[in-house]
Protein chains: 2
Amino acid sequence: MSRSALFGVACVLVVSVAACSTPPPAANLPEDIAKINALRAAFVDSYGKSDVEALVKLYTADAVMMGNHQPTQVGRDAMVKGLTEQFATMNAKVELTPEETWAMGDHGFDRGTYKVTLTPKAGGAPIIDEGRYLVLLAKGADGNWLVSRDMENSTQPMPMPMPMPMPAKGK
Amino acid sequence: MSRSALFGVACVLVVSVAACSTPPPAANLPEDIAKINALRAAFVDSYGKSDVEALVKLYTADAVMMGNHQPTQVGRDAMVKGLTEQFATMNAKVELTPEETWAMGDHGFDRGTYKVTLTPKAGGAPIIDEGRYLVLLAKGADGNWLVSRDMENSTQPMPMPMPMPMPAKGK
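Residues numbered from 1 in each chain as written. Chains lettered and ligands numbered in written order. Predicted model: local features only at pLDDT ≥ 70, side-chain atom pairs only at ≥ 80, totals over all residues. Heavy atoms only, no water.

Asks: Honestly, the environment of P98 of chain B in this entry has me stumped. Any pointers?
Replies: All names here are of chain B. Along the polypeptide, P98 turns up in strand β3 (residues 90-104). C-alpha of P98 to C-alpha of K57: the two residues are 41 residues apart in sequence and 21 Å apart in space. Filtering out sequence-adjacent residues up to four positions away, P98 remains in contact with R40, D110, R111, G112 and Y133. (Helix = DSSP H or I, 4+ residues; strand = E, 2+ residues; numbered from the N terminus. Contact = heavy atoms within 4.5 Å.)

Rendered as structure tokens:
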């Protein structure tokens, strides 16, 4: 092996080791961000159509739904039940405004604000709520992104102050 | 260079390249999880002592606090203001029960349930709320973990149903 060839091997080796010393994979690859944007758009579309079947396909099988002032729902069957009950009495519409989207490897998150409008099917003025969402995302083996953990809360004041419990009489 | 030495270099090279083909760094290293557990414990301790200065040091400088039914607070100055106002009238205590803790590289999250007890300093029975928290975590250059995004919501029903807006009279 000539000196120059040996030098070439040594250089490749150094470059390989240097590459290994930077452990995290590249974050926010354009194809990942594009797929997450499409996922968010699909959620808005399916929610607006009360399409339960399409909605639950946007979540992982073990997804954890943490709806404000609701019990936790784990998995698609629980989601189907909850969404079906909601859509039975309400026409729903949601707007999402992302503020921060991050993806690295198979993990990511999306954070932003929402405005939800629920219009009772029985008539009456719509109920509007605004707040923030924070969802964790997982990339499947097929390269597609799904929601794995879903939490939101409201920026609106409570409808009335939390009642102050009264001490029992005679104590 | 002897044949055996060349073989040795080639082997190291192959191993280096093979290591590089596994992009994500190891997740949930014991030292990271231990530090995140300590961070959670420090939050509980400092909150129970109404120690604003200690609390804000557990958050990144650009942390986003999304308290339920509260406006978003960004950064430590906003946190100091909000916490100082809360602790002025209430003695606070919180219990956190983690359900899922994850760390990879400099990113992580912690998710679980909370029970918060606010006791008015002016007297009266405590106000209790229970719910879930989801926080994003960041590891600093010093190897310590901090909270970067903080959201929680309640599993308790709203104090009263959201009022249905009535149509204006005469319409």
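Now, onward.
Asks: Looking at this structure, I do not really get the pattern of salt bridges. What am I missing?
Replies: Oppositely charged side chains may form a pair once their charged atoms are brought near each other. Residue and element names in this part refer to chain A. With the rule as written, the count across this model stands at 16 salt bridges over all chains. With its nearest N and O atoms 3.3 Å apart, the salt bridge here joins K139 to D32. Of this pair, K139 sits in strand β5 (residues 127-139) while D32 sits in helix α2 (residues 30-48), and the two are 107 residues apart along the sequence. A salt bridge links R111 to E99; the shortest N-O distance between them is 3.4 Å. (Salt bridge = Lys/Arg side-chain N within 4 Å of Asp/Glu carboxyl O.)

Asks: Please clarify how the packing of aromatic side chains should be interpreted in this entry.
Replies: To describe a pair of aromatic rings, one takes the distance between the centres and the angle between the planes. In the structure shown here, the tally under the stated rule is 6 aromatic pairs over all chains. Members of the aromatic cluster, joined through ring pairs, are F43, Y47 and F87 of chain A. (Phe/Tyr/Trp six-rings, centres within 6.5 Å; stacked < 30°, edge-to-face > 60°.)

Asks: What's the story with the sheet that holds strand β2 (residues 73-74) of chain A in this structure? I'm lost.
Replies: All names here are of chain A. Taking strand neighbours across the sheet as the criterion, the 6 strands line up as β2-β1-β6-β5-β4-β3 in an open arrangement whose pairing is mixed. At either end of the open sheet lies a strand with only one pairing partner, and these are β2 and β3 (90-104). In terms of strand pairing, β5 meets strand β6 (residues 145-154) through 9 bridges, oriented antiparallel. Across the sheet, K139 pairs through a bridge with W145, a residue of β6. Along the sheet, α2 makes contact with β1 (59-66), β3, β4 (107-120), β5 and β6, crossing β3 at roughly 170°. Docked against the sheet, helix α4 (residues 76-89) engages β1, β2, β3, β4 and β6, running at close to 140° with respect to β3. (Pairing = 2+ DSSP bridges. Axes fitted to C-alpha atoms, helices over the stretch in contact; angles between N-to-C directions.)

Asks: Explanation requested: α4 of chain A in the structure shown.
Replies: Owing to its 3.6 residues per turn, the α-helix aligns residues three or four sequence positions apart on the same side. All names here are of chain A. Between its first and last C-alpha atoms α4 spans 21 Å; for 14 residues at 1.5 Å apiece the expected length is 20 Å, and the two agree. Buried within α4 are the following residues: M79, G82, L83 and F87. Along the axis of α4, the buried residues cluster in a sector spanning 125°; they form a single face. Exposed and facing more than 90 degrees away from the buried side of α4 are D77, K81 and A88. If you follow the buried residues of α4, they end up packed against α2, α3 (52-56), β1, β2 and β3. (Expected span 1.5 Å × (residues − 1). Buried < 20%, exposed > 50% of the residue type's maximum accessible area, 1.4 Å probe, protein only. Arc of directions from axis to C-beta.)

Asks: Help me understand the side chain of D150 of chain A in this model?
Replies: Relative to the elements of secondary structure, D150 of chain A occurs in strand β6. Summary of buried charges: D150 of chain A has no salt-bridge partner, and the nearest side chain of opposite charge, R132 of chain B, is 9.8 Å away. (Lys, Arg positive; Asp, Glu negative; His and termini not counted.)

Asks: Got a minute to help me understand unusual backbone geometry in this structure?
Replies: Note: most peptide bonds trans; most residues except glycine with negative phi. In this structure, H69 of chain A takes a positive phi of about 60° despite not being glycine. Here H69 of chain A lies in the loop between β1 and β2. One non-glycine residue, S50 of chain B, adopts positive backbone phi at about 55°. Mapped onto the elements of the fold, S50 of chain B is located in the loop between α2 (30-48) and α3 (52-56). Classification of S50 of chain B by relative accessible area gives partly exposed; the value is 24%.

Asks: Quick question: what am I supposed to make of the pairing of β6 of chain A here?
Replies: One face of the sheet, then the other: side chains in a regular strand alternate in exactly this way. Residues and elements named next belong to chain A. Most of β6 is tucked away, with 8 of its 10 residues classed as buried. As defined by bridge partners, β1 adjoins β6 across 4 bridges and the pair is classed as parallel. Residue pairing for β6: Y59 is matched across the bridge by V147. Here β5 folds back onto β6 in antiparallel fashion, the turn holding 5 residues, of which G143 has a positive phi close to 85°.

Asks: Quick question: what am I supposed to make of the pairing of β3 of chain A here?
Replies: All names here are of chain A. Sheet analysis places β3 next to β4, joined by 14 bridges and oriented antiparallel. Looking at β4, one finds that T97 is bridged to T113. Where β3 folds back onto β4 in an antiparallel hairpin, the turn is made up of 2 residues, including G105, whose phi is positive at roughly 60°.

Asks: Explain the nonpolar core to me, please; I cannot follow it from the model alone.
Replies: One recurring pattern in soluble globular proteins: nonpolar side chains tend to sit buried together. Residues Y47 and Y59 of chain A are the most contacted members of the largest nonpolar core, which totals 27 residues. Sorting the residues of this core by element identifies α2, α3, β1, α4, β3, β4, β5 and β6 of chain A as the ones contributing at least two each. The contacts of Y47 of chain A, once residues within four sequence positions are left out, are L55, Q86, F87, A92, K93, V94, V116 and L118 of chain A. Formed by 26 residues, the second largest nonpolar core is a distinct cluster that contains L58, F87, V116 and I127 of chain B. (Core = buried A, V, L, I, M, F, W, Y, C linked by side-chain atoms within 4.5 Å.)

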